[in-house]
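# Chain and residue survey
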Amino acid sequence: MEYSVILRGYRYSVYNRIARVVLHEKGVAYSTEEIDPFATNVSEDYLKLHPFGRVPVLSHGKFDVFETSAIAQYVNAAFEGPELMPTEAETLARVTQVISIVDSYGYRPMVRQVFAHRVFRPAFGEVADEAEVTAGIDASHTVLGALNNIAKEGRVLDGQSITVADCHLAPMIAYFVQSREGAGALKAHKKLADWWATVSQRESLQATAPGLPSK
Ligand SMILES: N[C@@H](CCC(=O)N[C@@H](CS)C(=O)NCC(=O)O)C(=O)O
């Protein structure tokens, strides 16, 4: 069945999953179109939608939008359903801060270095670069520490009131903890580990698990 909302993305993309988690939390029905941004033949039509050639892109009727936090905020504002964007000033600042920390300092070490080398590459029969895993774990401590402090403060990441910050962070942690090093690093940050124990059980996370091939 074709819906008026189409999410174009790559099944293993953590950013694609963020958009999917938001759509699920909001209860929005959508179709998907598979685009592998790492392929050499990304189509000209797709590059018209996303000039940087990344994923995802969300289309709703004639409206197209890329950049995942913009997609999340659009979905939250455009559809009925649970409010995922707090308006109280300090809480809103924390939501924006979590997303920015994840994008600026978390994605590369946690996903591109630790997960990609320890889990993703081996799942596809490729060799991991151990130096990348080590560098990623080293860099992840500051990221997890900052997020743990925000969780401790209690305005966001409380495991109860779900916001776009939870939706943004959860897919990154889901990948990170699939490595034994990542799981160990998260354990050292108790409040964040407690948050993950609760949030990982949500239907939105369960329904969007990318299903990597087993080694
Ligand atoms: N700033 C972008 C980042 C999206 C992104 O980096 N997506 C990755 C997949 S998880 C991608 O398309 N990578 C392709 C590449 O690096 O060439 C957003 O928020 O949507």
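Residues numbered from 1 in each chain as written. Predicted model: local features only at pLDDT ≥ 70, side-chain atom pairs only at ≥ 80, totals over all residues. Heavy atoms only, no water.

### Digging into the site of the ligand
Around the ligand lies a shell formed by Ser-13, Val-14, Tyr-15, Pro-37, Phe-38, Arg-54, Val-55, Glu-67, Thr-68, Tyr-107 and Arg-112. Contacts to the ligand include Glu-67, whose side-chain N or O atom sits 2.8 Å from a nitrogen atom. Look at the ligand: alone it shows 510 Å² of surface, and the protein chains cover 84% of it. One can see that the ligand is located within the largest pocket. The set of elements that each furnish at least two residues to the shell around the ligand consists of helix H1 (14-26) and helix H4 (89-123). (Near = heavy atom within 4 Å. Polar contact = N/O pair within 3.5 Å; in protein donor to acceptor, adjacent residues only side chain to side chain. Areas by Shrake-Rupley, 256 points an atom, 1.4 Å probe, with all protein chains shown as cover. 1 Å grid on protein atoms, 1.4 Å probe; cavity = no way out; pocket = protein on both sides within 12 Å on 5 of 7 lines; lining within 4 Å. Sits in = over half its atoms within 2 Å of the grid points. Helix = DSSP H or I, 4+ residues; strand = E, 2+ residues; numbered from the N terminus.)

### Digging into the packing of H4 against helix H6 (residues 164-176)
Packing of H4 against H6 leaves a shortest axis separation of 10 Å and a crossing angle of 15°. Classed by the angle they form, the pair H4 and H6 counts as roughly parallel. For H4 against H6, the interelement crossing comes out left-handed. Taking contact as the criterion, the partners of Val-95, Val-98, Ile-99, Val-102, Asp-103, Tyr-107, Met-110, Val-111, Val-114 and Phe-115 in H4 are, on H6, Val-164, Ala-165, His-168, Leu-169, Met-172, Ile-173, Tyr-175 and Phe-176. (Axes fitted to C-alpha atoms, helices over the stretch in contact; angles between N-to-C directions. Parallel < 35°, antiparallel > 145°, perpendicular 65-115°, else oblique. Left-handed = near helix turned anticlockwise from the far one by under 90°. Contact = heavy atoms within 4.5 Å.)

### Focus: the pattern of salt bridges
Side chains bearing opposite charge may pair, as long as their charged atoms lie close to each other. Going through the model one piece at a time under the given rule, you end up with eleven salt bridges. Notably, a salt bridge pairs Arg-155 with Glu-90, separated by 2.4 Å at the nearest N-O pair. You can see Arg-155 sitting in the loop between helix H5 (130-153) and H6 and its partner Glu-90 sitting in helix H4, a full 65 residues away along the chain. Relative accessible area serves as the criterion here: at 32%, Arg-155 is assigned to the partly exposed category. Residues Glu-153 and Arg-94 are paired through a salt bridge, measuring 2.6 Å at the closest nitrogen-oxygen approach. Placement of the pair is Glu-153 in helix H5 and Arg-94 in helix H4, with a sequence separation of 59 residues. The class of Arg-94 is partly exposed, set by a relative accessible area of 25%. (Salt bridge = Lys/Arg side-chain N within 4 Å of Asp/Glu carboxyl O. Buried < 20%, exposed > 50% of the residue type's maximum accessible area, 1.4 Å probe, protein only.)

### Description of the layout of surface pockets
In this structure, the largest pocket encloses a volume near 700 Å³. What lines the largest pocket is a set of 28 residues, and nearest its centre among them are Ser-13, Pro-37, Phe-38, Tyr-107 and Arg-112. Among the elements that take part in the lining of the largest pocket, H4 stands out by supplying eight residues, more than any other. Looking at the lining of the largest pocket residue by residue, the class counts come to 15 nonpolar, six polar and seven charged. If you count residues domain by domain, the lining of the largest pocket takes at least three from each of domain 1 (5-78) and domain 2 (89-202). (Points joined across faces, edges and corners; volume = space filled by probe spheres on them. Nonpolar A, V, L, I, M, F, W, Y, C, P; charged D, E, K, R; others polar. Domains from an automatic or database assignment.)

### Topic: the pairing of strand S3 (residues 57-60)
Relative to S3, strand S1 (residues 5-9) runs antiparallel, the two being bridged by four bridges. Each residue of the ladder has a partner; that of Val-5, found in S3, is His-60. Alignment of S3 against strand S4 (residues 63-66), held across four bridges, turns out to be antiparallel. Within the sheet, the bridge partner assigned to Leu-58 lies in S4 and is Val-65. Here S3 folds back onto S4 in antiparallel fashion, the turn holding two residues, of which Gly-61 has a positive phi close to 60°. (Pairing = 2+ DSSP bridges.)

### Quick word on the sheet that holds S1
Spatial ordering of the open sheet is given by S2-S1-S3-S4, a layout of four strands whose pairing is mixed. The sheet terminates laterally at strand S2 (31-34) and S4, the two strands that pair on one side only. Direction aside, neighbouring strands of the sheet carry axes that sit 20° apart on average. The sheet contacts of H1 involve S1 and S3, and relative to S1 the element is tilted by about 160°.

### Considering the side chain of Ser-59
Structurally, the position occupied by Ser-59 is in strand S3. Within the structure, the side chain of Ser-59 is placed 2.6 Å from the side chain of Arg-8, a separation counted as a polar contact. Excluding residues within four positions of it along the chain, Ser-59 makes contact with Ser-4, Val-5, Ile-6, Arg-8 and Asp-64.

### Some words on the packing of aromatic side chains
In total, this model carries eleven aromatic pairs according to the counting rule given. Between Phe-115 and Tyr-175 the ring centres are 3.6 Å apart and the planes differ by 5°, which places this aromatic pair in the stacked class. Linking Phe-115 in helix H4 with Tyr-175 in helix H6, this pair joins segments that are 60 residues apart in sequence. We classify Phe-115 as buried; its relative accessible area is 3%. (Phe/Tyr/Trp six-rings, centres within 6.5 Å; stacked < 30°, edge-to-face > 60°.)

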